[in-house]
Amino acid sequence: MGLTRAKVPLDVIVVGVGLGGVAAALTLGLRGHNVIVLESAPKLMEVGAGIQVSPNMLTLLDRWGVSPSIHARDVSLERIHIRRWQNGQLLGTMPVNKTHGQQVVIHRADLHKSLADSALALPNVELRINSTVSGVTFSPVSVSLTTGTVITGDVVIAADGIKSTVRGHLLGDGSSSPIPTGDAAYRITLPRSTMERDPDLKRLIDEPAATRWIGPARHIVAYPLRKHELFNVVLVHPDRRGVGECWTTRSPKQSMVDDYCGWDPVVTKLIGLVSEEEVPEWKLCLHRPLKTWTRGCVALMGDACHPMLPYIAQGTAQAVEDAAALGILLSSISTRSEIPLALKVYEKSRKRRAETVQQSGSDNRITLHLPDGPQQEARDKQFRACRLGGTNPDRWSDPEMQQYLWGWDAEKAALQAWDERRGRVLREMRHRL
Ligand SMILES: Cc1cc2nc3c(=O)[nH]c(=O)nc-3n(C[C@H](O)[C@H](O)[C@H](O)COP(=O)(O)OP(=O)(O)OC[C@H]3O[C@@H](n4cnc5c(N)ncnc54)[C@H](O)[C@@H]3O)c2cc1C
Ligand SMILES: *[C@@H]1O[C@H](CO)[C@@H](O)[C@H](O)[C@H]1NC(C)=O
Ligand SMILES: *[C@@H]1O[C@H](CO)[C@@H](O)[C@H](O)[C@H]1NC(C)=O
């Protein structure tokens, strides 16, 4: 699918330059729209550690020309290992099915830089940092900044994350505030030099594989990054700090040691390599599905409308799919008056999909975190059996789920929804004549 240029180039305001916002700026910019991206932070920076670029995201990045810079720094996974928490016993290994394309892992900063470099190289994409949006009007559309500056445009895309300001204005109530899920995650990255000395750890960083250790109320995901120069470990555990703000913070290393006491000695060794006294800890939050994602010429995307647990590695992929759908739909309209229709079709093509994926992440939490006992034994038996082709209890490594997650083409789905909707509108008009 080539990139359709916009029939009517629009003035687009994107709020937030996280991975979702930068993807939207890129695809809209490539199609010829004039994009202003407003970001509250004083500089461009993507925090965090590793991220999985699943085939459904990679297909889109391919079309937008960013794959070469991604492949310069990624690792392409061949296998996913599932291990028991206590002794590291291998419960199952799923080969990555490349029918849908590669499953690569990359540092978030590298992915963000690839997207931002491509987007900001376009003459029609402008980034304004230090720009915090505090208000939005819906007709005509404009956003106001905390400084009082008002910026007008044809359409506003709110990619302002789980604590979205625009969401509250759009829904007009507080029903969508983020809710802590009860889980939090430590995220560590280890340099190759620290792992090379130990044969077990060297094998881990050398193998193009992701490993999941699963245990009661906890699990760990680990994989190599940056051409095997770094090793990424995400450790999910019950959030000890109770309710409160959704944040990313730093915790004493000792809490991580305590959380994984008695786990596979390989895990203990990995944790032992952390040199800092504090590790980044990320509190996992969600909010309930929203009644709508759009109002007039304003649309929400990414974590602003469907934050998800990272347990099937689709948070960013779903934001990039949103960007893709918006890109193609806003380039398909023939007059500005069709913007609200295009946004409705965007919601139609995206909401059910993203909410299904969101729910799978939540369901997977239950499966992965079973306490030891009969249910866990049955699950582990299923893991062993799925080598012979059964359903995999881990939704992320299950072939049927992968077909749904990875085989999706968000641009195609959006166009299909547009054609259906347009067909209906035309039929209704003819009917009325
Ligand atoms: C700190 C952090 C770490 C994460 N780590 C992981 C991970 O390891 N793995 C994973 O799968 N997912 C992770 N996620 C979730 C993942 O980043 C998102 O699912 C995905 O990247 C889509 O995000 P987004 O672009 O919609 O929102 P975000 O990445 O949250 O970006 C929102 C952007 O909007 C800006 N912004 C917010 N409010 C305003 C405003 N009023 N005006 C202007 N700008 C504003 C913010 O500064 C930010 O740059 C993380 C999220 C965060 C915030
Ligand atoms: C953004 O704000 C920071 C401090 O808050 C300031 O140092 C910097 O110069 C500002 N940058 C721009 C481009 O306004
Ligand atoms: C890979 O996935 C495709 C599409 O879902 C399927 O037809 C094929 O049998 C799978 N291959 C293997 C080896 O599982």
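Just so we're clear, the structure is a prediction, and the values are computed from it rather than from any experiment. (Residues numbered from 1 in each chain as written. Chains lettered and ligands numbered in written order. Predicted model: local features only at pLDDT ≥ 70, side-chain atom pairs only at ≥ 80, totals over all residues. Heavy atoms only, no water.)

Draft legend 1. Expanded view of the UniProt feature "transmembrane region" (unreviewed entry) in the protein. The feature "transmembrane region" (unreviewed entry), as annotated in UniProt, sits at residues 12-30 in this numbering. Taken end to end, residues 12-30 has its terminal C-alpha atoms 13 Å apart, with 63% of it in helix and 21% in strand. (UniProt positions renumbered as here; feature names shortened; annotations may be inferred. Helix = DSSP H or I, 4+ residues; strand = E, 2+ residues; numbered from the N terminus.)

Draft legend 2. Region of interest: the packing of helix α11 (residues 339-368) against helix α14 (residues 410-432). Taken N-terminus to C-terminus, the directions of α11 and α14 make an angle of 125°; their axes are 9 Å apart at the nearest point. Judged by the inter-axis angle, α11 sits oblique to α14. The two elements α11 and α14 cross, and the hand of that crossing is right-handed. Note on element contacts: α14 touches α11 through A410, A413, A414, A417, W418 and R421, opposite L341, A342, K344, V345, S349 and R350. Along the lines of polarity and charge, the residues of the contact of α11 with α14 split into eight nonpolar, one polar and three charged. (Axes fitted to C-alpha atoms, helices over the stretch in contact; angles between N-to-C directions. Parallel < 35°, antiparallel > 145°, perpendicular 65-115°, else oblique. Left-handed = near helix turned anticlockwise from the far one by under 90°. Contact = heavy atoms within 4.5 Å. Nonpolar A, V, L, I, M, F, W, Y, C, P; charged D, E, K, R; others polar.)

Draft legend 3. Inspection of the packing of aromatic side chains at higher detail. All chains considered together, the criterion is met by four aromatic pairs. Ring centres 5.8 Å apart and planes at 70° place the aromatic pair Y404 and W408 in the edge-to-face group. The class of Y404 is partly exposed, set by a relative accessible area of 27%. Judged by relative accessible area, which is 26%, W408 ranks as partly exposed. (Phe/Tyr/Trp six-rings, centres within 6.5 Å; stacked < 30°, edge-to-face > 60°. Buried < 20%, exposed > 50% of the residue type's maximum accessible area, 1.4 Å probe, protein only.)

Draft legend 4. Broad picture of the site of ligand 1. Near ligand 1 there are 27 residues, and of these G20, E39, R108, R187 and D303 occur at the shortest range. A distance of 2.7 Å separates an oxygen atom of ligand 1 from a polar atom in the side chain of D303. Against a free-state accessible area of 950 Å², the protein chains account for coverage of 82% of ligand 1. Elements with a minimum of two residues in the shell around ligand 1: α1 (19-30) and α10 (315-330). The residue inventory of the shell around ligand 1, partitioned by class, reads eight nonpolar, 14 polar and five charged. When residues are assigned to domains, the shell around ligand 1 turns out to be shared by domain 1 (11-77 + 99-177 + 290-426) and domain 2 (179-286), each giving three or more. (Near = heavy atom within 4 Å. Polar contact = N/O pair within 3.5 Å; in protein donor to acceptor, adjacent residues only side chain to side chain. Areas by Shrake-Rupley, 256 points an atom, 1.4 Å probe, with all protein chains shown as cover. Domains from an automatic or database assignment.)

Draft legend 5. Local environment of helix α12 (residues 374-385). Given a rise of 1.5 Å per residue, twelve residues ought to cover 16 Å, and the 16 Å separating the end C-alpha atoms of α12 matches this to within 8%. Three or more residues of α12 are buried, namely Q376, R379, D380 and F383. An end-on view of α12 places all buried positions within 95° of arc, on one side of the element. Of the exposed residues in α12, those oriented more than 90 degrees away from the buried face are P374, E377 and K381. Where α12 is buried, its residues touch β5 (79-84), β6 (90-95), β14 (209-215) and α11. (Expected span 1.5 Å × (residues − 1). Arc of directions from axis to C-beta.)

Draft legend 6. Highlighting the nonpolar core. Among the nonpolar cores identified, the biggest contains 79 residues, and L61, W64, L111 and L330 are the most heavily contacted of them. For this core, the element with the most residues is α10, which contributes nine residues. Residue contacts for L330: discarding those within four places in its chain leaves L10, L28, H33, V155, I157, I339, A342 and L343. Core analysis: the next-biggest nonpolar cluster, separate from the first, contains 30 residues, A210, V221, L230 and L368 among them. (Core = buried A, V, L, I, M, F, W, Y, C linked by side-chain atoms within 4.5 Å.)

Draft legend 7. Looking closely at the sheet that holds strand β4 (residues 75-76). The sheet built from three strands is open, its strands ordered β3-β7-β4 with antiparallel pairing. Both outer strands of the open sheet, β3 (50-53) and β4, are each paired with one neighbouring strand and no more. Judged from the four bridges that link them, β3 and strand β7 (residues 104-107) form a sheet pairing that is antiparallel. Its bridge partner being in β7, Q52 is matched across the sheet by V105. (Pairing = 2+ DSSP bridges.)

Draft legend 8. Fine view of the domain arrangement of the protein. Assigned domains of the protein: these are domain 1 (11-77 + 99-177 + 290-426) and domain 2 (179-286). Centre-to-centre separation of domain 1 and domain 2, based on C-alpha positions: 25 Å. Opposite the 38 residues of domain 1 that make contact, domain 2 presents 32 residues. Contact between domain 1 and domain 2 buries roughly 2700 Å² in total, counting both sides, with carbon and sulfur atoms accounting for 59%. On inspection of domain 1 and its partner domain 2, the count reaches four salt bridges. Between D110 and R226 there is a salt bridge, with its nearest N and O atoms 2.8 Å apart. The interface formed by domain 1 and domain 2 contains twelve residue pairs in polar contact (both at pLDDT 80 or more). Secondary structure elements with two or more residues in the side of domain 1 that touches domain 2: β3, β4, β7, α4 (108-120), α11 and α12. It is α11 that contributes the most residues to the side of domain 1 that touches domain 2, five residues altogether. (Buried area = accessible area lost by both parts, 1.4 Å probe. Salt bridge = Lys/Arg side-chain N within 4 Å of Asp/Glu carboxyl O.)

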